[in-house]
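Reading the structure
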Amino acid sequence: MMIFDRCIKLAGGKRFFKHFLAICCLLMPVALSAGENLEEESEFDAAAMIMHHIGDSYEYSILSFTNGRGEKIKVSLPLPVIIWHKGQLKVFMSSSFKGGDELVPIGDDYLRLYHEKVYLTDASGAINHDESQSVLNAQPINLSITKNVASMMLSCLIMLAIFIPAARRYSRKGALVAPKGAQSIVEPIVLFVRDDIIRAQIDKDKADRFTPFLLTIFLFILINNILGLIPFFPGGANASGNISFTLTLAAFTFILTNISGSKHYWKDVFVVPGTPLPIKLLLVPIEFIGLFTKPFALMLRLFANITAGHIIVLSLISIIFVMKTIFVAPVSVFLSIMIYCLEFLVSFLQAYIFTLLSSLFIGLAVNEHH
Amino acid sequence: MEQISFTALGLGLIIIGVSLGIGKIGQAAMEAMARQPEIASKIQTAMIIIAALIEGAGLFALVLAWLVN
């Protein structure tokens, strides 16, 4: 809990409050000008804006604005689209779609970008809907590097940039020299995760086998959470609030837990020793379902917490545009900065909880019975 | 319309239950920490684990309500 204490200590004090006010003042003009532009625009759809922001995308939008002549300017970084269709691999930049206006031919079919998804269409680019407005067109096998994937790759690079120098220094100088540079930040985090999370849940002699995995999961989630909180270009992707991201991490924990499960663990699931037969008939299905619900809850917890955080911040900013007045801007900017501080804590907390529960499940599976 | 309002009611009930549960854990943990500050960190870990389990149950219900809707 050392890290949380330090966060709280940092957050206290007069100097912090001064900085906080300064940030509020700096952000005010942004919010004000955003409010002024609004009168030219048509109806503002807060739900659509929020869904667009928390969803995935084929381009990294940097900024969009209306210039003096009333033209809409969109600056964005196109990302590669990789499609595998009928034994044919096609790689192109997402700018070929021209924001959904143009079709990209692949074999006999065409690809169309429609509501941030790529569909197969005919030459006319028709998108068919059924009664409930869901799209009937087929989707190709899509291996594209989307915004979330790009953000994950960036977090991998950040991790490599921090950890390789630190690891190199450890292998050169050993662990007994005073830490320096990247080591100074790596060492407390690694020791916290190893001693307070992993070794507290898993038996000492087995804990070190799982430390690399759990440490990677902790730092990967943490860095992705923090990147998601950065509101401008290199961050801002809702990677750790994406269900496929959390599904993958939870699946890793599920597989690792079950392949390293001891005899006792499986006996507890399928035999439930020490209970009479009627209870056994009741407990075995429950225990069996429990194998799957544990990683499922792990998946949903991270997804729901991070997505909810993004939605709250965006909703608070949307209040300005929904109320169509600049006078709510101070309130909504103040509240959204408060939520930002909370989300910063949550991004640590969720990484901590994911790692803690993963090591708890692994501990249940591998620990000796005392 | 009716179905939507029932979902909203269900979501409200889920949140009531989960917040009651987490609130009780928080209360008990605070009291225990005040009595025995020397094992505060252990209590905190246990508190977070139990809170996470309750939150998991709440999330299940939320997702089910969302899927049924």
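**Points about the overall build of chain A**
Within chain A, the secondary structure is distributed over ten helices and eight strands. Across the 370 residues in chain A, those meeting the buried criterion constitute 39%. Contacts spanning at least 24 positions in sequence make up 59% of the contacts within chain A whose residues lie at least 6 apart. About 21000 Å² of surface is accessible on chain A, with carbon and sulfur atoms providing 67% of the total.

**Section: the pattern of salt bridges**
All names here are of chain A. Going through the model one piece at a time under the given rule, you end up with six salt bridges over all chains. A salt bridge links E368 to K206, with the nearest nitrogen and oxygen atoms 3.5 Å apart. With E368 in the segment after α10 (329–366) and K206 in helix α6 (residues 204–229), this residue pair connects regions lying 162 residues apart in the sequence. For K206, a relative accessible area of 17% gives the class buried.

**Observations regarding the interface of chain A and chain B**
Tallying the contact residues gives 15 residues for chain A and eleven residues for chain B. Contact between chain A and chain B buries roughly 1200 Å² in total, counting both sides, with carbon and sulfur atoms accounting for 80%. Our count for the chain A to chain B interface comes out at one salt bridge. Here A:R301 ties to B:E55 by a salt bridge, and the two come within 3.1 Å at their closest N and O atoms. Run the count over chain A and chain B and you get two residue pairs in polar contact (both at pLDDT 80 or more). Where the side of chain A that touches chain B is concerned, the elements lending two or more residues are α9 (277–323) and α10 of chain A. Taken together, the residues that form the side of chain A that touches chain B break down as eleven nonpolar, three polar and one charged.

**A short note on the packing of aromatic side chains**
Residues and elements named next belong to chain A. In the structure shown here, the tally under the stated rule is eleven aromatic pairs over all chains. Arranged with centres 5.4 Å apart and planes meeting at 75°, the rings of F92 and F97 form a pair that is edge-to-face. We classify F92 as buried; its relative accessible area is 11%. F97 sits in the buried class, given a relative accessible area of 0%. Aromatic ring contacts, followed pair by pair, group F254, Y265, W266, F270, F288 and F292 into a single cluster.

**What about the sheet that holds strand β6 (residues 109–114) of chain A?**
Residue and element names in this part refer to chain A. Taken in spatial order, the three strands of this open sheet run β5-β6-β7, and their pairing is antiparallel. Unpaired on one side and paired on the other, β5 (104–106) and β7 (117–121) mark the two borders of the sheet. Strand-to-strand, the axes of this sheet are offset by a mean angle of 35°, without reference to chain direction. Bridge count for β5 against β6 is three bridges, and the pairing is antiparallel. Bridge assignment links I106 to a residue of β6, and that residue is D109.

**Overview of unusual backbone geometry**
All names here are of chain A. Even without glycine at this site, K86 takes up a positive phi of about 50°. With respect to the helices, strands and loops of the structure, K86 is situated in the loop between β3 (80–85) and β4 (88–93). Judged by its relative accessible area of 66%, K86 falls in the exposed class. The phi torsion at K324 lies on the positive side, around 55°, for a residue other than glycine. Tracing the sequence through the fold places K324 in the loop between α9 and α10.

**Focus: the environment of A:Y110**
Residue and element names in this part refer to chain A. Locating Y110 in the fold gives a position in strand β6. For Y110 and K206, which are 96 residues apart along the polypeptide, the C-alpha to C-alpha distance reads 53 Å. In this structure, Y110 is in contact with L103, V104, P105, Y119, L120, T121, D122 and A123, ignoring residues within four places of it in sequence.

**Some details on the environment of A:V271**
Of note, A:V271 is situated in the loop between α8 (263–270) and α9. Each C-alpha atom, one on A:V271 and one on A:F348, is 38 Å from the other, the two residues being 77 residues apart in sequence.

**A short note on the packing of helix α3 (residues 46–54) of chain A against α9(A)**
Residues and elements named next belong to chain A. Taken N-terminus to C-terminus, the directions of α3 and α9 make an angle of 145°; their axes are 10 Å apart at the nearest point. α3 and α9 meet at a crossing whose hand is right-handed. Here α3 contributes A46, M49, I50, H53 and I54 to the contact with α9, which in turn contributes T307, H310, I311, L314, S315, S318 and V322. Residues of the contact of α3 with α9, tallied by class, amount to seven nonpolar, five polar and no charged.

**Quick look at the sheet that holds β4(A)**
The pairing of strands in a sheet comes from backbone hydrogen bonds and takes either a parallel or an antiparallel form. Residue and element names in this part refer to chain A. One open sheet accounts for three strands, arranged β4-β3-β8; its pairing is antiparallel. Lying at the two open borders of the sheet, with one neighbouring strand each, are β4 and β8 (141–142). Here β3 runs beside β4; their pairing, made up of six bridges, is antiparallel. Counterpart to P80 in the pairing with β4 is M93.

Quick notes on the rules
- Residues numbered from 1 in each chain as written.
- Chains lettered and ligands numbered in written order.
- Predicted model: local features only at pLDDT ≥ 70, side-chain atom pairs only at ≥ 80, totals over all residues.
- Heavy atoms only, no water.
- Helix = DSSP H or I, 4+ residues; strand = E, 2+ residues; numbered from the N terminus.
- Buried < 20%, exposed > 50% of the residue type's maximum accessible area, 1.4 Å probe, protein only.
- Contact = heavy atoms within 4.5 Å.
- Areas by Shrake-Rupley, 256 points an atom, 1.4 Å probe, with all protein chains shown as cover.
- Salt bridge = Lys/Arg side-chain N within 4 Å of Asp/Glu carboxyl O.
- Buried area = accessible area lost by both parts, 1.4 Å probe.
- Polar contact = N/O pair within 3.5 Å; in protein donor to acceptor, adjacent residues only side chain to side chain.
- Nonpolar A, V, L, I, M, F, W, Y, C, P; charged D, E, K, R; others polar.
- Phe/Tyr/Trp six-rings, centres within 6.5 Å; stacked < 30°, edge-to-face > 60°.
- Pairing = 2+ DSSP bridges.
- Axes fitted to C-alpha atoms, helices over the stretch in contact; angles between N-to-C directions.
- Left-handed = near helix turned anticlockwise from the far one by under 90°.

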